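Residues per chain, in single letters:
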Amino acid sequence: MKTAAAVLGSLIAAVMMLSFAAVPAWSQYAEKTVQKIGPFTIDSINENGRFDRCAATLKGKVGMLRIAQNLAQKYSVSVPPTPGLKGPIAMTISFDFTRKKSYPGTTNGIRSWAVIDMAGFQSVLKIKNNILISTGLKSFAWPIGNTSMESVMNGLDSCVARASGNT
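As the structure is a computational prediction, the values presented were derived from the model and not from experiment.

Novice: Sorry, what's going on with the side chain of serine 94 here?
Specialist: Mapped onto the secondary structure, serine 94 falls in strand β6 (residues 87-94). In this structure, serine 94 is in contact with Arg99, Lys100, Ile127 and Leu132, ignoring residues within four places of it in sequence.

Below is the structure:
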């Protein structure tokens, strides 16, 4: 019959072993900045030890904006979450003062994101001064000054090409 101290010691040892076993899973995500364009960094992101996507990352007072591109040439946009919003969402991107488009998206409480179509991608190239996005009742604005979104998207293309060996 084990004493209470022996049982407690076994539990502590088991918890420590589980915590050490979880460490390699944490290291499966890695990102590396490969370029800076205006206020954006172009980051190459690996998951599970393999290239997953490149992202144009913009940090601001409202949180982090990411415009990502993967090997399949799919583009997505992610923003901070809207508190209390769960499941499917609509993400609206304002391309200028008169043109907006909503995309079906989702949120997990950590980030909200949506995949954008090629027409949206073409419109992103024309954004000037501010990137405006809303999810639910929350709106975000990131100033980009005179940064050309075309150069940012070209940076994403170059990052993906380098990561896939198509340079």
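Let's pick the thread back up.
Novice: In this structure, what is going on with the pairing of strand β5 (residues 75-79)? I would like to understand it.
Specialist: Along any regular strand the residues' side chains alternate between the sheet's two faces. Buried residues dominate β5, accounting for four of its five residues. With four bridges connecting them, strand β4 (residues 63-70) and β5 associate as antiparallel partners. Looking at β5, one finds that glutamine 69 is bridged to tyrosine 75. Linking β4 back to β5 in an antiparallel pair, the connection comprises four residues, with glutamine 73 at a positive phi of about 65°. One ladder, built from five bridges, connects β5 with strand β8 (residues 112-116); its direction is antiparallel. Counted as the bridge partner of valine 77 is alanine 114 from β8.

Novice: Looking at this structure, how should I read unusual backbone geometry?
Specialist: Most peptide bonds take the trans configuration, and most residues that are not glycine carry a negative phi. Positive phi, close to 65°, is recorded for glutamine 73, a residue that is not glycine. Even without being glycine, asparagine 129 reaches a positive phi, approximately 70°. When you line up the elements, asparagine 129 lands in strand β9 (residues 129-135). A relative accessible area of 43% means that asparagine 129 is categorised as partly exposed.

Novice: Teacher, can you tell me more about the state of the cysteines here?
Specialist: Each disulfide consists of a covalent bond between the sulfur atoms of two cysteine residues. All chains considered together, the criterion is met by one disulfide. The disulfide partner of cysteine 54 is cysteine 159, and the S-S distance across this bridge is 2.0 Å. When the S-S torsion is -75°, as for the bridge of cysteine 54 with cysteine 159, the disulfide is left-handed. With cysteine 54 in strand β3 (residues 50-60) and cysteine 159 in helix α3 (residues 149-164), this pair connects stretches of sequence that are 105 residues apart. For the pair shown, cysteine 54 and cysteine 159 are each scored as buried.

Novice: Any chance you could explain the environment of tyrosine 103 here in plain terms?
Specialist: Tracing the sequence through the fold places tyrosine 103 in strand β7 (residues 100-107). Residues tyrosine 103 and valine 77 lie 26 residues apart in sequence; the distance between their C-alpha atoms is 9.9 Å. In this structure, tyrosine 103 is in contact with Ile89, Ala90, Met91, Ile93, Phe95, Ala114, Val115, Ile116, Asp117 and Gly120, ignoring residues within four places of it in sequence.

Novice: In this structure, what is going on with the nonpolar core? I would like to understand it.
Specialist: The nonpolar side chains of a soluble globular protein tend to be buried with one another. Judged by nonpolar contacts, the single largest core of 32 residues is most densely connected at Val77, Ile131, Ile133 and Met149. Sort the elements by how many residues they give to this core and α3 lands first, with six residues. Residues contacting isoleucine 131, with those up to four places away along its chain left out, are Phe40, Leu65, Phe140, Ala141, Trp142, Ile144 and Met149.

Novice: Even after reading the chapter, I still don't get α3, so can you show me in this structure?
Specialist: Because an α-helix packs 3.6 residues into every turn, residues spaced three or four apart end up facing the same way. Helix length check: α3, at 16 residues, gives a terminal C-alpha distance of 23 Å against a target of 22 Å (1.5 Å per residue), a fit within 8%. Of the positions making up α3, those classed as buried are Met149, Val152, Met153, Gly155, Leu156, Cys159, Val160 and Ala161. In this structure serine 148 caps α3, since a side-chain oxygen of it lies 3.2 Å from the backbone nitrogen of glutamate 150. Positive phi shows up at glycine 165, right after α3, with a value of about 80°.

The rules we used
- Here the residue index of a chain counts from 1 through its sequence in written order.
- In view of the model being predicted, local features appear only for residues whose pLDDT reaches at least 70, and side-chain atom pairs are presented and counted only at 80 or more, with totals across whole chains, interfaces and linings using the full set of residues.
- To get the side-chain values, all heavy atoms of the structure are used, and hydrogens and water are removed first.
- Each helix is a run of DSSP H or I of at least 4 residues and each strand a run of E of at least 2, with the numbering of both proceeding from the N terminus.
- Only heavy atoms matter for contacts: two residues are in contact if any of them lie within 4.5 Å across the pair.
- Accessibility here uses a 1.4 Å probe with only protein chains present; expressed as a share of the type maximum, an area under 20% marks a residue as buried, one over 50% as exposed, and anything in between as partly exposed.
- One requirement defines pairing of two strands: DSSP has to find at least two bridges between them.
- Any cysteine sulfur atom paired with another within 2.5 Å is treated as part of a disulfide.
- Think of a nonpolar core as a cluster: buried Ala, Val, Leu, Ile, Met, Phe, Trp, Tyr and Cys residues, connected wherever their side-chain atoms sit within 4.5 Å.
- To estimate the expected span of a helix, subtract one from its residue number and multiply by 1.5 Å.
- Identification of polar contacts relies on pairs of N or O atoms within 3.5 Å, with a donor-acceptor requirement for protein atoms, meaning one able to donate a hydrogen and the other able to accept it, and with residues adjacent in sequence counted only if both atoms are side-chain atoms.

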